[in-house]
Amino acid sequence: QGFIPAMIAREILLRRSPLKVGGWLFFLVVCFCLAFSAFFELVEWRAAVSLGADADAYLATQGDPWDTQWDMFLCLLGALAAQVGLSRIHDRQIARLQAP
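Heads up: these notes are all about the structure in this document. (Residues numbered from 1 in each chain as written. Predicted model: local features only at pLDDT ≥ 70, side-chain atom pairs only at ≥ 80, totals over all residues. Heavy atoms only, no water.)

Okay, the overall build of the protein chain next. Within the protein chain, the secondary structure is distributed over 4 helices and 0 strands. Helices and strands in the protein chain line up, N terminus first, as α-α-α-α. Per-residue burial over the protein chain gives 29% buried out of 100 residues. Considering only residue pairs separated by 6 or more positions, the protein chain has 70% of its internal contacts joining residues 24 or more positions apart. As displayed, the protein chain offers around 7,100 Å² of accessible surface, 69% of which is attributable to carbon and sulfur atoms. (Helix = DSSP H or I, 4+ residues; strand = E, 2+ residues; numbered from the N terminus. Buried < 20%, exposed > 50% of the residue type's maximum accessible area, 1.4 Å probe, protein only. Contact = heavy atoms within 4.5 Å. Areas by Shrake-Rupley, 256 points an atom, 1.4 Å probe, with all protein chains shown as cover.)

Okay, structure coming up:
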């Protein structure tokens, strides 16, 4: 869940902010992904409140009371995996774009 938002956030932060590759970039990308996930869960909650009895069918929670927490945990894992697995490739691609 967090792969694409992590790489988009990383790209934007590297190109449009004074941040460089390192701990703060890693931390802020994870924070962005978790904030995005939390926002999406709030949208789902609002839809559930609006739909009333039909909420379970719309949200597809299959009766799991921990669905929101699982979604956010998997987003965290995705953001971490994306940065650990794709950062070097991403850095090379950005360097190639910025080369004269």
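For the rest of this paragraph, the subject is the pattern of salt bridges. Tallied over the entire structure, the rule returns 2 salt bridges. Here Arg-10 ties to Asp-91 by a salt bridge, and the two come within 2.9 Å at their closest N and O atoms. Of the two residues, Arg-10 is situated in helix H1 (residues 3-16) and Asp-91 in helix H4 (residues 67-98); the sequence distance between them amounts to 81 residues. (Salt bridge = Lys/Arg side-chain N within 4 Å of Asp/Glu carboxyl O.)

The geometry of H1 relative to H4 is characterised by a closest axis approach of 9 Å and an angle of 40° between their N-to-C directions. Taken together, the axis directions place H1 and H4 in an arrangement best described as oblique. Handedness of the crossing formed by H1 with H4: right-handed. Two secondary-structure elements touch here, H1 through Phe-3, Ala-6, Met-7, Arg-10, Glu-11, Leu-14 and Arg-15 and H4 through Gly-78, Ala-79, Ala-81, Ala-82, Gln-83, Leu-86, Ser-87, His-90, Asp-91, Ile-94 and Leu-97. Here the residues of the contact of H1 with H4 are counted per class, giving 10 nonpolar, 4 polar and 4 charged. (Axes fitted to C-alpha atoms, helices over the stretch in contact; angles between N-to-C directions. Parallel < 35°, antiparallel > 145°, perpendicular 65-115°, else oblique. Left-handed = near helix turned anticlockwise from the far one by under 90°. Nonpolar A, V, L, I, M, F, W, Y, C, P; charged D, E, K, R; others polar.)

You can see Ser-87 is positioned in helix H4. Sequence-distant contacts of Ser-87, that is, excluding residues within four places in its chain, are made with Arg-10 and Ala-82.

Turning our eyes to something else, we now look at the nonpolar core. Within soluble globular proteins, side chains that are nonpolar tend to cluster in buried spots. Of all hydrophobic cores here, the largest spans 12 residues; its members are Ala-6, Met-7, Ala-9, Leu-14, Leu-25, Val-29, Val-30, Cys-33, Cys-75, Ala-79, Ala-82 and Ile-94. Where this core is concerned, the elements lending two or more residues are H1, helix H2 (23-51) and H4. (Core = buried A, V, L, I, M, F, W, Y, C linked by side-chain atoms within 4.5 Å.)

Two numbers describe how H1 lies on H2: the axes approach to 9 Å, and their chain directions differ by 130°. It follows that H1 is oblique to H2 by the angle criterion. The handedness of the crossing between H1 and H2 is right-handed. Contacts between H1 and H2 involve Pro-5, Ala-6, Ala-9, Arg-10, Leu-13 and Leu-14 from the first element and Leu-25, Leu-28, Val-29, Phe-32, Cys-33 and Phe-36 from the second. Here the residues of the contact of H1 with H2 are counted per class, giving 11 nonpolar, no polar and 1 charged.

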